Amino acid sequence: MSGRRNLEGQVAVVTGAARGVGELLARKLAARGAKVALLGLEPDELKQAAERIPTDSAHWHVDVTDFEAMERVAREVKERFGKIDIVVANAGVASGGPFVDSDAVSWNRVIQVNLMGSATTARAFLPALLESRGYLLQIASLAAITPAPMMSAYCASKSGVEAFAHCLRAETGYKGVKVGVGYLSWTDTDMVRGADEDDVMREMRSRLPWPSNRTYPLGPAVDRIVAGIERRSAHVYAQWWLRGMQSIRGYLPAVIGTVGQREMRRAEPLLTSGGGVTTGLVGAGGAADEKSRSSREA
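Residues numbered from 1 in each chain as written. Predicted model: local features only at pLDDT ≥ 70, side-chain atom pairs only at ≥ 80, totals over all residues. Heavy atoms only, no water.

Caption draft 1: How the structure looks around the sheet that holds strand S7 (residues 235-237). Ordered by their spatial adjacency, 7 strands build an open sheet running S3-S2-S1-S4-S5-S6-S7, and the pairing between neighbours is parallel. Unpaired on one side and paired on the other, strand S3 (57-61) and S7 mark the two borders of the sheet. Between one strand axis and the next, the sheet turns through 15° on average, direction left out of account. The sheet contact formed by strand S6 (residues 178-183) and S7 spans 3 bridges and is parallel. (Pairing = 2+ DSSP bridges. Helix = DSSP H or I, 4+ residues; strand = E, 2+ residues; numbered from the N terminus. Axes fitted to C-alpha atoms, helices over the stretch in contact; angles between N-to-C directions.)

Caption draft 2: The arrangement of helix H2 (residues 43-51) in detail. Taken residue by residue, H2 has Leu-46, Ala-49 and Ala-50 as its buried positions. Each buried residue of H2 sits inside an arc of 100° when the element is viewed along its axis, so together they form one side. Turned more than 90 degrees away from the buried face of H2, the exposed residues are Asp-44 and Glu-51. Against helix H1 (20-31), strand S2 (35-40) and S3 lie the buried residues of H2. (Buried < 20%, exposed > 50% of the residue type's maximum accessible area, 1.4 Å probe, protein only. Arc of directions from axis to C-beta. Contact = heavy atoms within 4.5 Å.)

Caption draft 3: View of helix H3 (residues 67-81). The end-to-end C-alpha separation of H3 is 21 Å, in line with the 21 Å expected for 15 residues at 1.5 Å each. Within H3, burial applies to Ala-69, Met-70, Val-73, Ala-74, Val-77 and Phe-81. In an axial view of H3, the angular spread of the buried residues amounts to 140°, which keeps them on one side of the axis. Residues Glu-68 and Glu-79 are exposed on H3 and point more than 90 degrees away from its buried face. Along its buried surface, H3 packs onto strand S1 (11-15), S2, S3 and helix H4 (104-132). Capping the start of H3 is the job of one residue whose side-chain oxygen sits 3.3 Å from the backbone nitrogen of Glu-68: Asp-66. Of the residues trailing H3, Gly-82 is marked for its positive phi of about 90°. (Expected span 1.5 Å × (residues − 1). Polar contact = N/O pair within 3.5 Å; in protein donor to acceptor, adjacent residues only side chain to side chain.)

Caption draft 4: Main features of the nonpolar core. Judged by nonpolar contacts, the single largest core of 48 residues is most densely connected at Val-13, Leu-39, Trp-60, Val-77, Ile-84, Phe-125 and Tyr-183. Put simply, the parts of the chain that give this core at least two residues each are S1, S2, S3, H3, H4, helix H5 (152-172), S6 and helix H9 (242-245). With 10 residues, the top contributor of residues to this core is H4. (Core = buried A, V, L, I, M, F, W, Y, C linked by side-chain atoms within 4.5 Å.)

Caption draft 5: Spatial organisation of the packing of H4 against H5. At a closest axis distance of 7 Å, the pairing of H4 and H5 adopts a crossing angle of 15°. One way to sum up the angle between H4 and H5 is to call them roughly parallel. In this structure, H4 meets H5 at a crossing whose hand is right-handed. Here Trp-107, Val-110, Ile-111, Asn-114, Leu-115, Ser-118, Ala-119, Ala-122 and Leu-126 of H4 lie close against H5, whose contacting residues are Ser-152, Ala-153, Tyr-154, Ala-156, Ser-157, Lys-158, Gly-160, Val-161, Phe-164, Leu-168 and Thr-172. Of the residues assigned to the contact of H4 with H5, the class counts are 13 nonpolar, 6 polar and 1 charged. (Parallel < 35°, antiparallel > 145°, perpendicular 65-115°, else oblique. Left-handed = near helix turned anticlockwise from the far one by under 90°. Nonpolar A, V, L, I, M, F, W, Y, C, P; charged D, E, K, R; others polar.)

Caption draft 6: Fine view of the state of the cysteines. Counting across every chain of the model gives 0 disulfides. Here Cys-167 stays unpaired: no disulfide links it, and the sulfur of Cys-155, its closest cysteine neighbor, is 19 Å away. Classification of Cys-167 by relative accessible area gives partly exposed; the value is 46%. (Disulfide = S-S within 2.5 Å.)

Caption draft 7: Highlighting the packing of aromatic side chains. Under the definition given, this model contains 3 aromatic pairs. Between Tyr-183 and Tyr-237 the ring centres are 5.3 Å apart and the planes differ by 15°, which places this aromatic pair in the stacked class. Of this pair, Tyr-183 sits in strand S6 while Tyr-237 sits in strand S7; the two residues are 54 residues apart in sequence, bridging distant segments of the chain. In this structure, Tyr-183 and Tyr-237 share a single accessibility class: buried. Stacked on the ring of Phe-81, the Lys or Arg Arg-80 has its end atom at 4.7 Å from the ring centre. (Phe/Tyr/Trp six-rings, centres within 6.5 Å; stacked < 30°, edge-to-face > 60°. Lys NZ or Arg CZ within 6 Å of the ring centre and 35° of its normal.)

Shown next, in the form of structure tokens:
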């Protein structure tokens, strides 16, 4: 559908809504008249985010990798608002560094949250979307289009959710459910700022070719995501140049394989002398995920 849909009275679910892309997206959807359910791991931040929303809203503290909890939340959101028209699978975490030196728990957690959490979100909410003939937007990344050294977990997870969303589009489209994939480059969020706190990661990112070496403002990126939701687009690009990357993505693994080796050789002294890249999940969202898991395991 090429035209924009009026979001007035629509019910939107946003995961990872306590901060960053998810929090601002919830506010901007509400500004267009949508009722919003905010899901995330940080109850205080979620409450504050919901209080900033002018339309009818509610928030749920939930881990997207917990299927039983997500099923319960999906029922409660449906009971609370009467229907669900839009689901944005946005929750995500990241870690960096060479795979051989990576922390196995953190590496696995990136896959669990970004890929399995997205699948769990879709499994919980698709029945309601089938009823409403709604729209599911899976937030992916430039990392789904191009591989990058020292980002193996994030690239694998975002490539996975892209493929997963393409599969769902084929399975649900004839039943009226539209499925889109959202692509973002480096955007000014806690996750990106957290990654930049590591000297090696920051240096390597600065050496990427323009325009992929820039950090982009959050507001315009989210505006483009909202426009994609209004159009129920199959592909949503938060930065203008990402659309063009699709036409050359077949060449990128070979290019990155060559250039990446050169950059890793250049970074090796920093990796060895500085103690390597910081392990663990990056940014405030990563800290919240680790805190939530620790409290459940205690």
